[in-house]
Amino acid sequence: MLFSETSGKTQKYIFGEEARGIVPEGNLYAKVLVDVPGLGPLDYKVPDDMLVAVGDRVTANVQTRKVVGVVAALENATDLQGKRIRSITSVLNDVPPLSAEWLALTRFASLYYLRGWGEAALSALPLFFKRLPKKNHRAMLEKFRRKGIAPSVERSSTQSKPVLNAEQMAAVDAVVSAKGFVPFLLFGVTGSGKTEVYLHVMEEVLHRDPEAQVLLLVPEINLTPQLQARVKARFPHEYVAAMHSEYSDGERAAAWLAVHEGRARILVGTRLSIFSSFKKLALILVDEEHDLSYKAGDGLRYSARDLAVWRAAKNSCPVVLGSATPSLESWAKALKKEYVLLTLTQRAMSKAKLPQIDLIDPNPKGSGMLVSPEAEGSIRSELDAGRQVLVFLNRRGYSPVLSCPSCGWVSACIRCSAFTVFHKREKALICHHCGWRRPVPDACPVCGNVDILPRGTGTERLEEELERLFPGKRILRIDRDSTSKKHEAEKAFARVHAGEVDILVGTQMIAKGHDFQNVGLVVILNADTQLLSPAARAREHLFSTLMQVAGRAGRANGKGRVLIQTRFKDEPLFEALRLQDYRRFANETLEERRENFSVPFVYQALITAESDALAKAVLFLETIARRGRGVASGEVRVFDPVPMPLVRLMNRERAQLLVEGDERKTLHRFLRGLLEGVKSPSDVVWQVEIDPTDV
Ligand SMILES: Nc1ncnc2c1ncn2[C@@H]1O[C@H](COP(=O)(O)OP(=O)(O)OP(=O)(O)O)[C@@H](O)[C@H]1O
Ligand SMILES: [Zn+2]
């Protein structure tokens, strides 16, 4: 059946490439998705001699512009009947049409995240496929297709793979014997061989069905090459596509096309890959599912992890969310048996043990040194034993602020309500929020004092301190500053793996997922700052970051050690960390959240507004809040608008309004009613975020 009836009376949907060969009788109208905020699918007439299928990209005029849109439906009637209706100008039948499943995904995302369907759909496409084709379009397509060919390698050359332990085997068995949609939470301690589980499950799924495709989501750009290489080595006869935000348009288009056309059966990528178009998606794996980078920070603020679960359900296939420190949302679902819990309690390599974690005193305030004598001694003996040391400090730059001790001046951004960070190497003061920079002044700009001082320590200063403490040792700093150029991070990590580094210093970039074989000691400095943060999820994130960092120690040989410098040794979070007891931390935190009516026991949405003055943003949110309270039932609560924690960003002042509901459905219904047709004053810009992670 090429035509299939759906809910509407007159709606006819035609799917698949073959549909282009069918000429329907009578007039045909297309509902076309375009990337214009606030516009729903637009009706166009399909010229009589044009063959078009649902899911095709077409060109059409919107207002005075010609754009590329996607056909969401074909119908024999239009509500615009009688009015002036425009025609589609051309069909871009250069690639097979997008599938019904892909259209459903983008539609769901738009409804869930309260954005236009057109916006959601078009933002999911690589630039190459959503811009008007240039002259070399066909040639480029051919080039992409040549790139995405599976290597011709003997099947027998498959690299040897480790024999799974009993826990790994049980996990693999559970997933491969799942019938239809089953969501799994793979809870495995750091180094327990989760990746190995993914690879085995992939192998079985790909082997079983020669058309099956697998999506492996990874949290960090920097992990993509590492994991892609591991997957490639395991599947040498497959073309393994990869995708992340640093890819050029061409690279992304080539990977996208290979997946869309089914040539790539494996896609490894960061959050944006969740919107890829597959021919036959048969398995989704989400590595480090708790990671915040799965949440998009602007535009359509989707959660790739949540969409992964939805998409697996839609495709009747299993989805595996893996983590050593699952998000509390996922953990709560596992407790409720909505997710099937699979556990790996042991480190995979027989010689590897979970590290011992100790809490130690930091230096007294004002000592000017970050590394305590105890930490220094341990680093020294570790280096003497020929092992690598990892020192973690989650703050880049030389010092978070520069200040004048005589008049009290502090370096601040002119556009944001934030300090500018002192970067010594670059001789600059930089705002980490907006990127504004200025040269370091020779003297205090207010009182002229020449002795302005760095206050506090970032990774750059720490690197200096370590160079002083350990002369002659090879010290490497990895953070966003040291790896701003393409492939720099990849090269830096390669040096660590090759043993060309003694001490690795860095931010959370070094924490995640890396399988360091020779790190014996991890030192965590200054975790206390985040402990004191008022954000509801700060502690959850701190716990998982620290567990991840700690998990880099002792992964291959012998027992690793972790030292945490803290003033709060009695803090339950550190106690749970010391015992490496995620369950305890998660269960206690969930209990607290339940008592406080907090997430995940309630559902949240955050409406934010910005303007040139805070008062305007607040005023606008107040009108919404008032309207909302007028219609809210007991199940939905509308809070008071408040300034955002970072009030001013790039000269815009911002406020937020939190709305909470006991049920997801009620909250969504409420928001749709509330925000439908909301018009803000021309100098206020607003948006809504569903399931905000940062309140
Ligand atoms: N069954 C096994 N036998 C021997 N070695 C194994 C086995 N499974 C995994 N390994 C090895 O153990 C190391 C850790 O495995 P892997 O990277 O998959 O762990 P992980 O659980 O993903 O870790 P993390 O969560 O810390 O990133 C790797 O070097 C891997 O090759
Ligand atoms: Zn700024």
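What counts, and at which threshold
- Residues numbered from 1 in each chain as written.
- Chains lettered and ligands numbered in written order.
- Predicted model: local features only at pLDDT ≥ 70, side-chain atom pairs only at ≥ 80, totals over all residues.
- Heavy atoms only, no water.
- Donors = N, O, S within 2.8 Å, 3.2 Å for Na, K, Ca; no water.
- Tetrahedral: all angles 85-135°; square planar, octahedral: opposite > 155°, others 65-115°.
- Helix = DSSP H or I, 4+ residues; strand = E, 2+ residues; numbered from the N terminus.
- Buried < 20%, exposed > 50% of the residue type's maximum accessible area, 1.4 Å probe, protein only.
- 1 Å grid on protein atoms, 1.4 Å probe; cavity = no way out; pocket = protein on both sides within 12 Å on 5 of 7 lines; lining within 4 Å.
- Points joined across faces, edges and corners; volume = space filled by probe spheres on them.
- Nonpolar A, V, L, I, M, F, W, Y, C, P; charged D, E, K, R; others polar.
- Domains from an automatic or database assignment.
- Pairing = 2+ DSSP bridges.
- Axes fitted to C-alpha atoms, helices over the stretch in contact; angles between N-to-C directions.
- Contact = heavy atoms within 4.5 Å.
- Near = heavy atom within 4 Å.
- Polar contact = N/O pair within 3.5 Å; in protein donor to acceptor, adjacent residues only side chain to side chain.
- Areas by Shrake-Rupley, 256 points an atom, 1.4 Å probe, with all protein chains shown as cover.

**Focus on the coordination of the zinc ion (ligand 2)**
Phase 1: Taken together, C413 (SG), C416 (SG), C431 (SG) and C434 (SG) make up the full set of protein donors to the zinc ion (ligand 2), lying 2.3 to 2.4 Å away.
Phase 2: Coordination at the zinc ion (ligand 2) is tetrahedral: its four donor atoms span angles of 106 to 113° at the metal.
Phase 3: Sequence spacing of the donors to the zinc ion (ligand 2): C-x2-C-x14-C-x2-C. Taken together, the positions of C413 in the loop between β17 (401-403) and β18 (421-423) and C431 in the loop between β19 (428-430) and β20 (437-439) put the pair 18 residues apart, joining distant regions of the chain.
Phase 4: Its relative accessible area of 1% is what places C431 among the buried residues.

**Examining the layout of surface pockets**
Phase 1: Considering only enclosed or pocket space, the second largest pocket measures out at about 880 Å³ in volume.
Phase 2: Along the walls of the second largest pocket sit 24 residues, with G38, L114, R115, G116 and L675 positioned nearest its centre.
Phase 3: Where the lining of the second largest pocket is concerned, the elements lending two or more residues are α1 (100-112), α2 (117-123), α19 (664-675) and β30 (685-690).
Phase 4: Among the residues making up the lining of the second largest pocket, the classes are represented as eleven nonpolar, seven polar and six charged.
Phase 5: The residue makeup of the lining of the second largest pocket includes at least three contributed by each of domain 1 (3-125) and domain 4 (603-690).

**Examining the sheet that holds strand β9 (residues 213-217)**
Pairing between the strands of a sheet is mediated by backbone hydrogen bonds and can be parallel or antiparallel.
Phase 1: One open sheet holds the seven strands; their spatial order is β10-β11-β9-β12-β13-β8-β14, and the pairing between them is parallel. Since the sheet does not close on itself, it has two edges, and those belong to β10 (240-243) and β14 (340-344), each with one partner. Neighbouring strand axes in the sheet, compared pairwise and without regard to direction, differ in orientation by 20° on average.
Phase 2: Sheet topology places β9 next to strand β11 (residues 266-269); four bridges connect them, and they run parallel.

**With respect to the side chain of S276**
Phase 1: As for its placement among the helices and strands, S276 is situated in the loop between β11 and β12 (281-286).
Phase 2: Judged by its relative accessible area of 1%, S276 is buried.
Phase 3: Not counting residues within four places of it along the chain, the set of residues in contact with S276 comprises W102, M243, W256, L267 and R311.

**Comments concerning the site of ligand 1**
Phase 1: Within the structure, ligand 1 sits among 22 residues, and V163, Q168, K194, D515 and R555 are positioned closest to it.
Phase 2: Backbone polar atom of S192 to an oxygen atom of ligand 1: 3.2 Å apart, as the coordinates give it.
Phase 3: With the chains in place, 88% of the 640 Å² that ligand 1 exposes on its own is no longer accessible.
Phase 4: Considering every element that reaches the shell around ligand 1, the biggest residue donor is helix α6 (residues 194-208), with three residues.
Phase 5: When residues of the shell around ligand 1 are sorted by domain, at least three fall in each of domain 2 (146-344) and domain 3 (352-399 + 456-592).

**Observations regarding the sheet that holds β18**
Phase 1: Strand order in the open sheet formed by three strands is β18-β19-β20, and the pairing between neighbours is antiparallel. Each edge of the open sheet is held by one strand with a lone partner, namely β18 and β20. Taking the axes of each pair of neighbouring strands and ignoring which way they run, one obtains an average angle of 25° across the sheet.
Phase 2: The pairing of β19 with β20 spans three bridges and is classified as antiparallel. Within β20, the residue paired with L429 across the bridge is R438.

**Things to note about the pairing of strand β22 (residues 475-478)**
Phase 1: The two faces of β22 match: I475 and R477 on one face and L476 and I478 on the other face are all buried.
Phase 2: Pairing analysis gives four bridges linking β22 to strand β23 (residues 503-506), with the strands arranged parallel. Along β23, the bridge assignment pairs I478 with G506.

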